[in-house]
Amino acid sequence: MDLAEGVRDRSGYLEPLESVRGIAIALVFLFHAWGISGQRLAGEPAPGLSFIIAGNTGVTLFFVLSGFLLALPWLKHQYQPVRPRPSVTRYLKARALRILPLYYSALLLAWLATGNTATIAQAAAFQFVGFSAFPYSTVWWTLATEMQFYLLLPLLASLWFRGRAGRLLCAALLLGWLYAYATLVLLAGPGSGQHSFFLTKSVFARLPAFLLGIAAAAFYLRACRWQPVVLQAAAWRRGGTLLLLATLVLLERVLAHVVLLGDQQAELHWHIHHTWEAALWALFILCLLLCRIPASGLLVNRGLALTGKLSYSLYLIHVPVLFYLLYPQRERLAPEDLQSAWWLYAVTAAALVLSLLLSWLSYSVIEKPFLQLKRRIPL
């Protein structure tokens, strides 16, 4: 099998990954719906509930996907030097067309709604603003982190292709980062909590997820060089199914521990859980791409693919919609009545429908025209 088979050569498009995007945004939506509705959990979560309460793992999945997809053109050149090396200029133009129009449109809407000029100006420069323009700014930090990775990737790739000296420099930079990451985040003392928390909202602390995505892409391209008879064998399919199930079980256990610790404590004192999540999500992606798993239609289907297509718009839109629909209803109830207020689920479903409709409109009016321009840029 040619290493590019199954990959749309122009963009590195892989159809199952559209559904994976849908899974990622669904997890993030459920996470915010749980938090905004004021739900609380007493004791250990029931099996599967961790994917909702700790659904911000969807952000880690997005980071893994970015590492996987954006590294593909450079990895293809690595494995087949006759292929042209990606142009950094064209790469940056493509990233700008993909990210900036919708992001700046979201910032404009937030500015009109809040009048918070200072915060919007910071966000426009991809600085961390936290909740300063709540509820609009809740998810903006991830765009800043993505942008940092977008700039870092071509720098590391350019060094890598400069021969042995460049690769040694790459290795030295990664080792230096690993030491700083372990010192400032993983092993940080109690007095550095706020400082460590700020670092966790940047590519500095989220780099493992991107790197694991790159490693998964490298493995995928190598696996595509195997004989088709290996990839299609019944034993391979059974093994892939078992690996996928084991991956999901382990991921649920990691998330259950995050739930027991609490999101903030896990972020400050067990930050490495993001790396475990990223490793398991990378395995999840490889299972879907390389194994013909029975009943995979539950994870790869048109509904999830459509949600994945709208995921960027949905990501920026869903928190304000959830907040303005759910929070007023929540405030009408006493805390002890929240658990039994079944109609909050109906409000959440309405928020999902409205978010999807607004995302479709946003995609059609803002994203799609710029994506068409992006596709005209040769890689």
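On a predicted model such as this, the values are computed, not experimentally measured, just so you know.

Asks: Would you explain the side chain of K201 in this entry?
Replies: When you line up the elements, K201 lands in the loop between α8 (193-200) and α9 (203-223). Since its relative accessible area comes to 15%, K201 is described here as buried.

Asks: Would you mind going over the packing of aromatic side chains with me for this structure?
Replies: Within a pair of aromatic rings, the relevant descriptors are the distance that separates the centres and the angle that separates the planes. Summed over the entire model, instances satisfying the criterion amount to 18 aromatic pairs. Geometrically, the ring pair formed by F134 and F323 is edge-to-face, given 5.0 Å between the ring centres and 85 degrees between the ring planes. In this pair, F134 is assigned in the loop between α5 (117-124) and α6 (140-160) and F323 in helix α15 (residues 311-331), connecting sequence segments 189 residues apart. Relative accessible area serves as the criterion here: at 37%, F134 is assigned to the partly exposed category. With 6.4 Å between their ring centres and 50 degrees between their planes, Y136 and Y324 make a pair best called tilted. Here the residue Y136 occupies a position in the loop between α5 and α6, and Y324 occupies one in helix α15, the gap between them amounting to 188 residues. What makes Y324 partly exposed here is its relative accessible area of 44%. Following the ring pairs from residue to residue traces out a cluster consisting of F131, F134, Y136, F323, Y324 and Y327. Against the face of Y150 rests R95, its NZ or CZ located 5.1 Å from the ring centre. The cationic tip of K201 hangs over the ring face of W141; the distance from NZ or CZ to the ring centre is 4.5 Å.

Asks: How do you make sense of a nonpolar patch on the surface when you look at a structure like this?
Replies: Together, L354, L358, W360, L361 and V365 give the surface a local cluster of nonpolar side chains, amounting to about 470 Å² of exposed area. Looking at the secondary structure, you find V365 in helix α16 (residues 343-375). By relative accessible area, which is 54% here, V365 ends up exposed.

Asks: Could you clarify how one ought to interpret the state of the cysteines in this entry?
Replies: Should the sulfur atoms of two cysteines be covalently bonded, the bond is a disulfide. Inspection of every chain in the model, using the stated rule, returns zero disulfides. C287 takes part in no disulfide bond, and the closest cysteine sulfur to it belongs to C291, at a distance of 5.2 Å. We classify C287 as buried; its relative accessible area is 2%.

Asks: When you look at the layout of surface pockets in this model, what are you seeing that I'm missing?
Replies: Over the atoms rolls a probe the size of a water molecule, and in doing so it shows where empty space is left. Here the second largest pocket is characterised by a volume of approximately 1000 Å³. As for the second largest pocket, its lining consists of 38 residues, of which F31, H32, N56, F131 and D263 are closest to the centre. Of all the elements in the fold, those that place two or more residues in the lining of the second largest pocket are α1 (15-36), α3 (57-79), α6, α11 (234-261), α12 (263-269) and α15. The leading source of residues in the lining of the second largest pocket is α1, at six residues. Partitioning the lining of the second largest pocket into residue classes produces 20 nonpolar, 12 polar and six charged.

Asks: Is there a simple way to think about unusual backbone geometry in this case?
Replies: Across residues other than glycine, the phi torsion is negative in most instances, and most of the peptide bonds are trans. The omega torsion across F134 and P135 is 0 degrees, close enough to zero to call that bond cis. Within the element layout of this structure, P135 appears in the loop between α5 and α6. Residues other than glycine seldom take positive phi values, yet F126 does so here, at roughly 60 degrees.

Asks: Before we go on, may I ask you to explain the packing of α9 against helix α13 (residues 273-290) in this structure?
Replies: Across the interface, α9 lies against α13 with an axial gap of 9 Å and an inter-helix angle of 25 degrees. Here α9 is positioned roughly parallel relative to α13, judged by the angle of their axes. The two elements α9 and α13 meet at a crossing, and its hand is right-handed. Facing R206, P208, A209, L212, A216, F219, Y220 and A223 of α9, the residues of α13 in contact are H274, T275, A278, A279, A282, L286, L289 and L290.

Asks: I tried to follow the side chain of E252 on my own but got confused; where do I start?
Replies: In this structure, E252 sits in helix α11. Within polar-contact distance, the side chain of E252 engages the side chain of S50 at 3.4 Å. Among residues more than four places away in sequence, those in contact with E252 are A46, P47, G48, S50 and F51.

Asks: How do you make sense of the pattern of salt bridges when you look at a structure like this?
Replies: Side chains carrying opposite charge are able to pair once their charged atoms draw close together. Counting across every chain of the model gives six salt bridges. Taking the shortest distance from any N to any O, the salt bridge between R21 and E18 comes out at 2.9 Å. Of this pair, R21 and E18 both sit in helix α1, separated by three residues, roughly a single helical turn. In this structure R21 comes out as partly exposed when scored by relative accessible area, which is 24%. According to the relative accessible area criterion, E18 is buried, its value standing at 14%. For the salt bridge of K201 with E267, the shortest nitrogen-to-oxygen distance reads 4.0 Å.

Asks: What is the right way to read the nonpolar core from this model?
Replies: Nonpolar side chains tend to gather and get buried jointly when the protein is soluble and globular. L17, F68, W140, Y220 and I285 are the most contacted members of the largest nonpolar core, which totals 103 residues. Tallying contributions element by element places α3 first for this core, with 14 residues.

Asks: Would you take a moment to explain the packing of α1 against α3 for this structure?
Replies: Close contact between α1 and α3 brings their axes to 7 Å; oriented N to C, the two are set at 155 degrees. Our classification of the angle between α1 and α3 gives roughly antiparallel. Classified by chirality, the crossing of α3 by α1 is left-handed. For the pair α1 and α3, contact is made by L17, V20, R21, I23, A24, I25, L27 and V28 and by T57, G58, V59, L61, F62, L65, F68 and L69, respectively.

So, how was this worked out
- Residues numbered from 1 in each chain as written.
- Predicted model: local features only at pLDDT ≥ 70, side-chain atom pairs only at ≥ 80, totals over all residues.
- Heavy atoms only, no water.
- Helix = DSSP H or I, 4+ residues; strand = E, 2+ residues; numbered from the N terminus.
- Buried < 20%, exposed > 50% of the residue type's maximum accessible area, 1.4 Å probe, protein only.
- Phe/Tyr/Trp six-rings, centres within 6.5 Å; stacked < 30°, edge-to-face > 60°.
- Lys NZ or Arg CZ within 6 Å of the ring centre and 35° of its normal.
- Patch = residues over 30% accessible without salt bridge, like charges linked within 9 Å, V, L, I, M, F, W, Y side chains within 5 Å.
- Areas by Shrake-Rupley, 256 points an atom, 1.4 Å probe, with all protein chains shown as cover.
- Salt bridge = Lys/Arg side-chain N within 4 Å of Asp/Glu carboxyl O.
- Disulfide = S-S within 2.5 Å.
- 1 Å grid on protein atoms, 1.4 Å probe; cavity = no way out; pocket = protein on both sides within 12 Å on 5 of 7 lines; lining within 4 Å.
- Points joined across faces, edges and corners; volume = space filled by probe spheres on them.
- Nonpolar A, V, L, I, M, F, W, Y, C, P; charged D, E, K, R; others polar.
- Axes fitted to C-alpha atoms, helices over the stretch in contact; angles between N-to-C directions.
- Parallel < 35°, antiparallel > 145°, perpendicular 65-115°, else oblique.
- Left-handed = near helix turned anticlockwise from the far one by under 90°.
- Contact = heavy atoms within 4.5 Å.
- Polar contact = N/O pair within 3.5 Å; in protein donor to acceptor, adjacent residues only side chain to side chain.
- Core = buried A, V, L, I, M, F, W, Y, C linked by side-chain atoms within 4.5 Å.

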